[in-house]
Amino acid sequence: MRLAALLMMAIMLLGFASAKAGAEVDAAARGGPTDDPRAHLQQIKEDPLFTRWQRREMRAQGGERSELWFSQQWNDLRTWIGDALDRLFARQRARSWFGEGAGEGLGTLMRWFGVVLAGVLLLFVVLTVVRLLQERSAAEQATPVRRSRIRDALESGEALAAGGSEWMGEAERLAGEGDLRLAYRAVYLSLLSGLHERKKIDFRRHRTNWTYVRQYRGADRERSVLAELTATFDETWYGQHLPERSRYEQIRERVGMLISGEAADG
Amino acid sequence: MDEQVIEKLTLEDAADRLGSLREQLSKVIHGQRAVLDQLCVALLCGGHALLEGSPGTAKTLTVRALAMAMDCRMKRIQFTPDLMPSDIVGTNTYNLHTQTFELRPGPIFTDLLLADEINRAPAKTQAALLEAMSERHATIDGERELLSPVFTVFATQNPIEFEGTYPLPEAQQDRFLLKIPVPYPDVDAERDMLQAVHRGEAPERLEARGIEPVMTVAELQAMQRQLVDVQVEPGVMDYLLTLCRATREHDLLLMGASPRAAIHLLQASKASALLSGRDYVIPDDVVKMFTPVIGHRLVLSAEAEVSGEDAGSVQEQILDQTDVPR
């Protein structure tokens, strides 16, 4: 409804402007007074379009406070648009006849540019908010998918499918469930993933664990820790010799130290 | 031969015996750790090995040293173009005094047999050895004669195509558990060897090298039985199988690994584990034994030969394209 009123007002203002220009031409032709604001105001008030709008405005007078505020704003906007159009036409006249008033026209253009810019900014803010909301929703849905992916990676031994901390989290979960063998596997994949991130090894799925020990890029002390951890993993995973819980905790700690580079110091 | 029967050795005892065996062999063979390991694998599996290397790389000496360190019987056959099957398995001869036929067993009736330059004998003679290798018995004049339970053939052949050689047919190559390449020793090992000779030690006199018997045939049999207890995790078993099957589907290969080859790879991997003191196989065991077990059984396609590919590069491709279980 507001939009319709806005459009109607714009049409009326355009009509008013053109009528004003026409009247000036007619008056000049008749030789009478060229511009009488009261006569124009009277013409506007008598226009049936204005009458219908006025009735609706009157009904709106009895509405809520916000409606009044909106009407006030709307009137201000209408006045501003009217002034802008007046200035625009005045500029055109000045340009065509005298070449003056170009500064006013530029100011109007700048104001329009400001309106468009504000609109674009508003649109950007709205889109950003929508996108953030969508991302949050996607993240909430992705948690089980992520876990499923880690499980798949655990099954296939794809160490790089998750980061070192994610593997450690999975290992903790598995250890909590009492599956120390699988927990060891997750810890070892965490080790390979972490060392790959630190560029100590180049993880490739066709390479054996002892290839990484031989090709380890680091201090001999670190290499010997890696060899020990690899032997323990072999024994647990391939040999199916289940470790004690305390041993698991020690191994987990040593893996953390080797990934963080503390093993060379200690 | 030692008649003692040992039911089982502990894992530590087995690793200890095998370590001692390698130590004794290294007194004679310098800088050839991989060769010694593969010889031990062949013994543990009860399989036969094809030693391939240039002349003068101590292939014969190695087998002699092995027999001495195991305190077992060893015989040698020098294969020549005029060698007959009866020269290998033996024959029945008529004894004029007793007026009966008596078996004169051939050199095949032993524990370790060194078949020197096996590709110099014609196919008929090679076939006589083939039966003995796979069935562990020999047929002489229609009579079946059992061989030693630890009968193992170490055959040598030269890698260079000499004139007058008969290449081993694929079926016969498939009977060999391993093909062990015997490379030239590295410079340090060769220097040690020269210094030993310079001191007056004759390379062929094993007694002078102080080789002692450190393992009995009964202990070897116990270790062979122990292989059954070596575990193979399902993922590792699948890995082994995937590797073997990949050879059959490779574009560059006319013939891949046979099911017997897959069995041999499994046995060799288990033996490799035992040699390392483990009672479980790891993927490294499979990778380590893949080329020695599978390499000599692969036949390249004509296109691959024309394009200059070799079996070694194909094996590397297969290993590089197969994910390791972990």
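Residues numbered from 1 in each chain as written. Chains lettered and ligands numbered in written order. Predicted model: local features only at pLDDT ≥ 70, side-chain atom pairs only at ≥ 80, totals over all residues. Heavy atoms only, no water.

Some thoughts on the UniProt feature "transmembrane region" (unreviewed entry) in chain A
Then, number 1: Sites flagged by UniProt as "transmembrane region" (unreviewed entry) map to residues 112–133 of chain A.
Then, number 2: Measuring from the first to the last C-alpha atom of residues 112–133 of chain A gives 32 Å, for a span that is 100% helix and 0% strand. (UniProt positions renumbered as here; feature names shortened; annotations may be inferred. Helix = DSSP H or I, 4+ residues; strand = E, 2+ residues; numbered from the N terminus.)

Describing the packing of aromatic side chains
Residue and element names in this part refer to chain A.
Then, number 1: A full pass over the atoms with the stated rule returns seven aromatic pairs over all chains.
Then, number 2: Both rings, one in Phe233 and one in Tyr238, keep their centres 5.7 Å apart while their planes meet at 75 degrees; by these two values the pair is edge-to-face.
Then, number 3: Take Phe233: its relative accessible area is 1%, and that puts it in the buried class.
Then, number 4: Feature note: the residues Tyr188, Phe233 and Tyr238 constitute an aromatic cluster, connected by ring pairs.
Then, number 5: Positioned over the ring face of Trp237 is Arg181, at 3.9 Å from the centre of the ring. (Phe/Tyr/Trp six-rings, centres within 6.5 Å; stacked < 30°, edge-to-face > 60°. Buried < 20%, exposed > 50% of the residue type's maximum accessible area, 1.4 Å probe, protein only. Lys NZ or Arg CZ within 6 Å of the ring centre and 35° of its normal.)

A closer look at the confidence of the model for chain A
Keep in mind that low pLDDT regions are not for reading the predicted coordinates in detail.
Residues and elements named next belong to chain A.
Then, number 1: On average, chain A scores 77 in pLDDT, and the residues at 70 or more come to 72%.
Then, number 2: Across chain A, the element-wise mean pLDDT spans from 52 in helix H1 (residues 2–30) up to 94 in helix H8 (residues 209–214).
Then, number 3: Note that pLDDT drops below 50 for residues 21–33; the model gives that stretch seven contacts with residues more than four away or on any other chain.
Then, number 4: In the predicted structure, residues 96–100 sits below a pLDDT of 50 and forms five contacts with residues beyond four places in sequence or in another chain. (pLDDT = per-residue confidence, 0-100. Contact = heavy atoms within 4.5 Å.)

Examining the interface of chain B and chain A
Then, number 1: Contacts between chain B and chain A engage 18 residues on the former and 26 residues on the latter.
Then, number 2: Regarding the contact of chain B and chain A, the summed buried area is about 1600 Å², with carbon and sulfur atoms giving 50% of it.
Then, number 3: Contact with chain A buries area across many residues of chain B, yet B:Glu233, B:Tyr280 and B:Arg326 alone supply 48% of it, more than any other trio.
Then, number 4: At the junction of chain B and chain A, the tally comes to two salt bridges.
Then, number 5: In this assembly, chain B and chain A are joined by nine residue pairs in polar contact (both at pLDDT 80 or more).
Then, number 6: Of all the secondary structure elements, the ones that give two or more residues to the side of chain B that touches chain A are helix H9 (234–249), helix H11 (283–294) and helix H13 (311–320) of chain B. (Buried area = accessible area lost by both parts, 1.4 Å probe. Salt bridge = Lys/Arg side-chain N within 4 Å of Asp/Glu carboxyl O. Polar contact = N/O pair within 3.5 Å; in protein donor to acceptor, adjacent residues only side chain to side chain.)

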